[in-house]
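These are the residues of each chain, in order.
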Amino acid sequence: MESISEKTTIARPIRKLDDKVQIIEDLGHLLKSGEFSDFKFTIEKQKFPVHKAILHTRSPYFKAMFSQGFEENTKNCVEIKDIGADMFSELLEYLYTSKLPEFTDEAKTIEILIIADKYQLNSLKTIAENELSSKITTESMFNLLIVADTYNATILKRKTIEFISSKATSKDILQAIFENKVFGSKQSKTMMNVVSDLLNETK
């Protein structure tokens, strides 16, 4: 005869899953409704009511921001200028519900990587790095190398170096350097080491 404890053990995982789904839905509703929000961000004249406790918990960047007590002099509203309203909306949805932003193209994925780096969202940054790493082309490889080096994206840097070393010769790399494709508008302090690694791994 089946015991009560055995029945409880079977039912518990289902209930636990349902509870998690419900919590995610509730947090999503809280974000969209703005109920009980205690702070606002303004982007492109659009206001985003948020809950400091949630952002504080989810992002070391916001934790440091709210721990400084700066909001006392800002009327609990801060303007952000280095991110678009649509992207910030996706970022908030990720912070509240873990729903990933849409990696629609390379430019968008790079933007997500940069934002994840700024707000210290390591999991999201890793996902963005893997997305970019899986779609490296000969046209994008040097640009992605610059991105990887600039934002300390170690996974993307390693994959890009491996790709370049398999597709390009030392002559190609040196030509890219002279054409300013590797360094871009701002020379990285570590890019010379990256170029050296590339040359060592290519023929």
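In this report, we go over the structure that sits alongside the text.

Here is what the cut-offs are and how they apply
- Residues numbered from 1 in each chain as written.
- Predicted model: local features only at pLDDT ≥ 70, side-chain atom pairs only at ≥ 80, totals over all residues.
- Heavy atoms only, no water.
- Core = buried A, V, L, I, M, F, W, Y, C linked by side-chain atoms within 4.5 Å.
- Buried < 20%, exposed > 50% of the residue type's maximum accessible area, 1.4 Å probe, protein only.
- Helix = DSSP H or I, 4+ residues; strand = E, 2+ residues; numbered from the N terminus.
- Contact = heavy atoms within 4.5 Å.
- Salt bridge = Lys/Arg side-chain N within 4 Å of Asp/Glu carboxyl O.
- Pairing = 2+ DSSP bridges.
- Axes fitted to C-alpha atoms, helices over the stretch in contact; angles between N-to-C directions.

Some thoughts on the nonpolar core
Phe41, Leu55 and Phe88 are the most contacted members of the largest nonpolar core, which totals 52 residues. With 8 residues, the single largest contributor to this core is helix α4 (residues 85–97). In contact with Phe41, not counting residues within four places along its chain, are Gln46, Lys47, Phe48, Val50, Leu55, Phe62, Met65, Phe66, Val78, Ile80 and Phe88.

Some points on the pattern of salt bridges
By the definition in use, this model includes 7 salt bridges. The salt bridge involving Glu93 is made with Lys99; its shortest N-O contact spans 3.7 Å.

Some thoughts on the pairing of strand β1 (residues 39–43)
In terms of burial, β1 is a largely internal element, 4 of the 5 residues being buried. As judged from the 5 bridges shared by β1 and strand β2 (residues 46–50), these two strands associate in the antiparallel manner. Within β2, the position partnered with Phe39 by the bridge is Val50. In this structure, the hairpin formed by β1 and β2 is closed by a connection of 2 residues, where Glu44 is found at a positive phi of approximately 50 degrees.

A few points about the sheet that holds β1
The strands that make up a sheet are held in pairs by hydrogen bonds between backbone atoms, and each pair lies either parallel or antiparallel. The strand order across the open sheet built from 3 strands is β2-β1-β3, with neighbouring strands paired in mixed fashion. Each edge of the open sheet carries a strand with a single partner, namely β2 and β3 (77–79). Across the sheet, the mean angle separating the axes of adjacent strands is 25 degrees when strand polarity is ignored. Across 3 bridges, the pairing between β1 and β3 is parallel. In the sheet register, Phe41 faces β3, and the bridge partner there is Val78. Running over the sheet, α4 touches β1 and β2 and is turned about 10 degrees from β2.

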